[in-house]
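# Report on the structure
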Amino acid sequence: MIPVEVGEPLTRRLLFQQQQSEENMRVELETTDKVQDTAKIREKATKFQAARRYNTKVQPQAFQPGDLVWRV
């Protein structure tokens with residue numbers, strides 16, 4: 001014998017509306033695109049700042065033809 005569960009449906013199922021759910025999904029997809037765009041902009045800005053910090057510590061050297069250069 002297979003036990004069968006009989007009971008009242010959940011309020012979540014009773015209050016579910018397909019059309020409202022689809023609209024909410026569209027809104028979330030639009031906001032997801034905006035969030036991704038802002039994240040990409042922040043990522044580029046962070047990389048630019050890191051490169052700027054790194055490049056400020058580098059001392060530029062100007063070599064002329066005939067200069068002796070240390071080679072390992």
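As the structure is a prediction and not an experimental result, all values here were calculated from the model.

Turning our eyes to something else, we now look at the overall build of the chain. Tallying secondary structure elements over the chain gives 2 helices and 0 strands in all. When its C-alpha atoms are laid out on the principal axes, the chain stretches across 95 × 35 × 20 Å. In the chain, which comprises 72 residues, the share counted as buried stands at 0%. As displayed, the chain has an accessible area near 8,300 Å², and 57% of this comes from carbon and sulfur atoms.

With that out of the way, let us pick up the pattern of salt bridges. Enumeration according to the criterion identifies 1 salt bridge in this entry. The partner of Lys 47 in a salt bridge is Glu 43, and the shortest N-O contact between them spans 3.3 Å. Here Lys 47 pairs with Glu 43, and both are found in helix α2 (residues 18–56), just 4 residues apart, close to one helical turn.

Now for the environment of Glu 23. In this structure, Glu 23 sits in helix α2. Here Glu 23 falls in the partly exposed class, since its relative accessible area comes to 36%. Along the primary structure Glu 23 and Arg 42 are separated by 19 residues, whereas in three dimensions their C-alpha atoms are 29 Å apart.

About the thresholds
Residues numbered from 1 in each chain as written. Predicted model: local features only at pLDDT ≥ 70, side-chain atom pairs only at ≥ 80, totals over all residues. Heavy atoms only, no water. Helix = DSSP H or I, 4+ residues; strand = E, 2+ residues; numbered from the N terminus. Buried < 20%, exposed > 50% of the residue type's maximum accessible area, 1.4 Å probe, protein only. Areas by Shrake-Rupley, 256 points an atom, 1.4 Å probe, with all protein chains shown as cover. Salt bridge = Lys/Arg side-chain N within 4 Å of Asp/Glu carboxyl O.

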